[in-house]
Amino acid sequence: MNIIKPGDLVDLNDYAPDFTGAYEKKGQTKRRLKKLHKQLLKLQELLYAGNQHALLIILQGMDTCGKDGTIRRVMAGMNVQGCDVVSFKVPSTDELSRDFLWRAHRAVPPKGKIGIFNRSHYEDVLVVRVHSLVPEDIWSQHYQQINDFEKMLVESGTVVLKFFLHISKDEQKARLESRISDPTKHWKVMESDVRERAYWDDYMQAYEVMLQKCSTDWAPWHVIPANKKWYRNLVITECIVETLRKLDMRYPEPSVDITKFTIGD
Ligand code: ADP
């Protein structure tokens, strides 16, 4: 995993999507992941009990990069009552009639909760830029507007964790082909996935600019090597646990004098 420092120039060729750190295969990570899931559950309870912070997890990446799989695996270690997932699709007419951050802001989790964005307001500097869906003088303002928005969230008690799931073009091809050859995955085959693949280089450039301009002290981007799903799940879970741990949360004092409490028969 790599954290982009504010002001860093980013060339995604420098980040190997196949990287698996000290591990060679999935089996080596299972015990660690199980342990992390236990810690995550406890930390999530503290987050809820303390009611001082919210955690917003943002997942971005090319089609088939594994956003859905990550959500499934990370949420397997959480209490689902304290976690909401929001998917950002092509904006509706209503959403388009507002500022681009409106739908993101209303989906931000409240204090005590974890929210996961499957895609996010970053689509407004990705697909919108690649396909010129709005004029350049409009989308080029979005970077600063996003930074200001996220700063306000952080100052209001929301921790913002941003993960770019980095897969290679070959890996995407293999994943799309496996969907085509497996009848149980045919429902996942989208014409748009194949169409967007043709814009791979434009997307890489848009991602590089996004990582450069929107990695801030208050909400840095994490580049996750995502060709190996098991490694992706491990590092993301590690990062979430580490982030929650750093909040140094404590159970709140009881609102009543517990010593005076007796439970009747
Ligand atoms: P996913 O690929 O995330 O599983 P979909 O197949 O429904 O889900 O794709 C959602 C689509 O919505 C993507 O192509 C994405 O680029 C598009 N989208 C999301 N936000 C915007 C936006 N602000 N403007 C235009 N398109 C968007």
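This text goes with the structure placed above it.
The model shown is predicted, which means the values in this text are computed figures rather than measured ones. (Residues numbered from 1 in each chain as written. Predicted model: local features only at pLDDT ≥ 70, side-chain atom pairs only at ≥ 80, totals over all residues. Heavy atoms only, no water.)

Enquirer: Help me understand the site of the ligand in this model?
Expert: Contacts to the ligand come from D63, F88, K89, V90, P91, R103, R119, E123, D124, V127, V128 and L133. Side-chain polar atom of K89 to an oxygen atom of the ligand: 3.1 Å apart, as the coordinates give it. The separation between an oxygen atom of the ligand and a polar side-chain atom of R119 is 2.6 Å. Protein contacts shield 78% of the accessible area of the ligand, which totals 570 Å² for the unbound molecule. Here the residues of the shell around the ligand sort into six nonpolar, no polar and six charged. (Near = heavy atom within 4 Å. Polar contact = N/O pair within 3.5 Å; in protein donor to acceptor, adjacent residues only side chain to side chain. Areas by Shrake-Rupley, 256 points an atom, 1.4 Å probe, with all protein chains shown as cover. Nonpolar A, V, L, I, M, F, W, Y, C, P; charged D, E, K, R; others polar.)

Enquirer: Please clarify how the nonpolar core should be interpreted in this entry.
Expert: Judged by nonpolar contacts, the single largest core of 72 residues is most densely connected at I57, Y122, F163, Y207, L211, W221 and I240. If one sorts the elements of this core by residue count, helix α10 (residues 229-246) sits on top with nine residues. Aside from chain neighbours lying at most four places away, what touches I240 is L40, L55, I57, V74, L161 and F163. (Core = buried A, V, L, I, M, F, W, Y, C linked by side-chain atoms within 4.5 Å. Buried < 20%, exposed > 50% of the residue type's maximum accessible area, 1.4 Å probe, protein only. Helix = DSSP H or I, 4+ residues; strand = E, 2+ residues; numbered from the N terminus. Contact = heavy atoms within 4.5 Å.)

Enquirer: Looking at this model, I keep getting lost on helix α1 (residues 30-50). Mind explaining?
Expert: Each α-helix turn comprises 3.6 residues. Residues three or four places apart therefore point the same way. For α1, which comprises 21 residues, the first-to-last C-alpha distance of 30 Å matches the rise-based estimate of 30 Å (1.5 Å per residue) to within 8%. For α1, the set of buried residues is L33, L36, H37, L40, L43, Q44, L46, L47 and G50. Where the residues of α1 are buried, they touch α2 (67-75), β3 (83-87), β4 (114-118) and α10. (Expected span 1.5 Å × (residues − 1).)

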